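Residue-level structure breakdown
Each chain, written out:
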Amino acid sequence: MTVSPPPTGTSASGPAPAPSGRADVVGLYMKHIGSGRAVMGRVMGGMAEVRSEGAWIHADDGRRFLDFGGYGVFLLGHRHPAVVEAVHRQIDTHPLASRVFLEPVAALAAQALAAHTPPGLDYVHFVNSGAEATEAALKLARAHGRTSVITTRGGFHGKTLGALSVTANPTYQTPFQPLLPDVTQVAYDDPADLERALAARRDRACVVIEPVQGEGGVHIPRPGYLSQVRALCRAYGALMVVDEIQTGMGRLGTWWGVDAEGVSPDVLLAGKGLSGGVVPVAAMTATAEAYAPFSRDPYLHTSTFGASPIACAAALATVRAMEEENTVARAAALGLRILGGVRDVCAPYEGGLVREVRGRGLLIGIEFAREQAVGEMLLELIARGVLVNHSLNSTRVLRLTPPAAVGEAETGLFLTTLAEALHTTAGRMAG
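Residues numbered from 1 in each chain as written. Predicted model: local features only at pLDDT ≥ 70, side-chain atom pairs only at ≥ 80, totals over all residues. Heavy atoms only, no water.

Description of the confidence of the model for the protein
When pLDDT is averaged along the protein, the result is 94, and 94% of the positions lie at 70 or above. Every residue in residues 1-21 scores below 50 in pLDDT, and together they form 26 contacts with partners more than four places removed in sequence or on other chains. (pLDDT = per-residue confidence, 0-100. Contact = heavy atoms within 4.5 Å.)

Concerning a nonpolar patch on the surface
A surface patch of nonpolar side chains, about 380 Å² in accessible area, is lined by M30, V39, V43, M44 and L379. Tracing the backbone through its elements, the reader meets M44 in the loop between α2 (35-43) and β1 (49-53). (Patch = residues over 30% accessible without salt bridge, like charges linked within 9 Å, V, L, I, M, F, W, Y side chains within 5 Å. Areas by Shrake-Rupley, 256 points an atom, 1.4 Å probe, with all protein chains shown as cover. Salt bridge = Lys/Arg side-chain N within 4 Å of Asp/Glu carboxyl O. Helix = DSSP H or I, 4+ residues; strand = E, 2+ residues; numbered from the N terminus.)

Quick word on the packing of aromatic side chains
Enumeration according to the criterion identifies four aromatic pairs in this entry. Centre to centre, the rings of Y123 and Y291 are 5.3 Å apart; their planes meet at 25°, and the pair counts as stacked. You can see Y123 sitting in strand β4 (residues 123-127) and its partner Y291 sitting in helix α10 (residues 288-296), a full 168 residues away along the chain. Assessed through its relative accessible area of 36%, Y123 is described here as partly exposed. Here Y291 and F294 contribute two aromatic rings whose centre-to-centre distance is 5.9 Å and whose plane-to-plane angle is 75°, an arrangement assigned as edge-to-face. Of the two residues, Y291 and F294 both sit in helix α10, three residues apart, roughly one turn of that helix. Both residues of the pair, Y291 and F294, count as buried. By way of ring pairs, the aromatic residues Y123, Y291 and F294 are connected into one cluster. Over the ring of W56 we find R64; its NZ or CZ atom is 3.6 Å from the centre of that ring. (Phe/Tyr/Trp six-rings, centres within 6.5 Å; stacked < 30°, edge-to-face > 60°. Buried < 20%, exposed > 50% of the residue type's maximum accessible area, 1.4 Å probe, protein only. Lys NZ or Arg CZ within 6 Å of the ring centre and 35° of its normal.)

Some remarks on unusual backbone geometry
Cis peptide bonds are those with omega within 30 degrees of zero, and the linkage from Q177 to P178 qualifies with 5°. In this structure, P178 sits in the loop between α7 (170-173) and β6 (183-186). One non-glycine residue with positive phi stands out, namely R79, at about 55°. Its place among the elements puts R79 in the loop between β3 (64-67) and α3 (81-93). The exposure class assigned to R79 is partly exposed, which follows from its relative accessible area of 36%. The phi torsion at M249 lies on the positive side, around 60°, for a residue other than glycine. Its place among the elements puts M249 in the loop between β8 (239-243) and β9 (267-270). Using a relative accessible area of 1% as the deciding quantity, one classes M249 as buried.

What about the nonpolar core?
Formed by 93 residues in total, the largest nonpolar core has its most connected members in F126, V342, I366, F368, F414 and L422. In terms of residue count, helix α11 (residues 309-325) provides more of this core than any other element does, 11 residues in total. Once residues within four sequence positions are removed from consideration, I366 is found in contact with V342, C346, V354, E356, V357, R396, V397, L398, L400 and L418. Membership of the second largest hydrophobic core comes to 22 residues, among which are A136, V149, I245 and Y291. (Core = buried A, V, L, I, M, F, W, Y, C linked by side-chain atoms within 4.5 Å.)

Here's the deal with the pattern of salt bridges
Going through the model one piece at a time under the given rule, you end up with 19 salt bridges. In this structure, R51 and E53 form a salt bridge, with 3.2 Å as the shortest nitrogen-oxygen distance. With its nearest N and O atoms 3.6 Å apart, the salt bridge here joins D193 to R153. In this pair, D193 is assigned in helix α8 (residues 191-199) and R153 in the loop between β5 (148-152) and α6 (161-165), connecting sequence segments 40 residues apart. Residue classification places D193 among the buried positions, given a relative accessible area of 16%.

Some words on α8
Those residues of α8 lying buried are P191, D193, L194, A197 and L198. Buried residues of α8, seen end-on, are gathered within an arc of 160° and therefore sit on one face of the element. Packed against the buried residues of α8 are β5, β6, β7 (205-209) and α9 (225-235). (Arc of directions from axis to C-beta.)

Considering the pairing of β9
Of the two faces of β9, the one holding V267 and L269 and the one holding L268 and A270 are both buried throughout. As defined by bridge partners, β8 adjoins β9 across three bridges and the pair is classed as parallel. What sits directly across from V242, in β9, is L268. The pairing of β9 with strand β10 (residues 282-286) spans four bridges and is antiparallel. (Pairing = 2+ DSSP bridges.)

A few points about the environment of P293
On the secondary structure map, P293 appears in helix α10. When the C-alpha atoms of P293 and A141 are compared, they prove to be 9.7 Å apart, with 152 residues separating the residues in sequence. Ignoring sequence-local partners within four residues, the contact set of P293 consists of L140, A143, H144 and L300.

Some remarks on the environment of A112
Positionally, A112 belongs in helix α4 (residues 104-114). You can call A112 buried: its relative accessible area is 12%. Sequence-wise, A112 and R320 are 208 residues apart; in three dimensions their C-alpha atoms are separated by 7.7 Å. With residues up to four places along the chain from it excluded, the contact list for A112 reads L316 and V319.

So, in structure tokens, the structure goes:
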């Protein structure tokens, strides 16, 4: 039996259609996608997600879930009307390009994004994913002779081969070694450690860094750290690449994480939120000097689907929607409200179940004393209709990346549900 698609003509605002043969979704995953993912699906309840809007995801069993996860993609929420409309319009006119002629939507999207990047980052290279943006940056660095790469312990930059080389986690790296040569890991938020690495690689280094480590467990550096990294890169002739794939596009309550210190890197990576939650798209942005090798030779680094009209339509609509709706300021204010509420709810458990709550904007992490608590909390929250994420590089951290579209009622619902899940988890783990 196969899974039937939703019937045509179903209203977007009507009840979610239940696919026939629901149990077969797990079976198809087991047979064609992977046993591990199938087992995880069963553990999470075996539901299949079939519809979404705003802060909500609907499952095939009729339940809906408040989405405070989404891996940082849905800052505008699910199916933002302006982004959906722009994508529909592009599909109806010209979804993919021949790549022979110039394509206006890509040019307009690049202009719109560059209007909000830090000063000097005027050039935009669109790709399909955050990992591809990292790959583009590593290749650009090599075109400048920066073949030695410095990354930070706990940093996460993707899982394609080059990106994995600077994702400092042996769990993901070891099965694929040898990776890129001459990659050095330094401590995050430790300028002295970075300087030692740079001094040994003068004029041939590329530094890849996040303004806040997201998958690393929402680690926020001390004030001034990014400015020190910028100064050190200049002093030792290194290319500074800032990975804002998760932290950028308003997630931290500023357009970019580097904005808090007024830092302008050589290269900045964008993704996740750039999609508007509708079509995958990411970008590498760069200064004219840094981008020069790609600017001179447009065939030096290309992709069939990179900068596709449909993806760039989504990116352009996303930037415009953020401008019109003042999304960045809303994320800052909402982030303070949610972070304060999470701290209040977690306060009775600090020193026991909960080790620390930290966050900036709408990127919030709850660090638990034991790894087991994260799994317990995920399941408890799902059972109560709330989705959150774990952190790939920090197994004791539960990560919250809610949309800026949530209202007071949804915020209150989340905090009440979090309190219930904490109470149950604390009791179970104490027993």
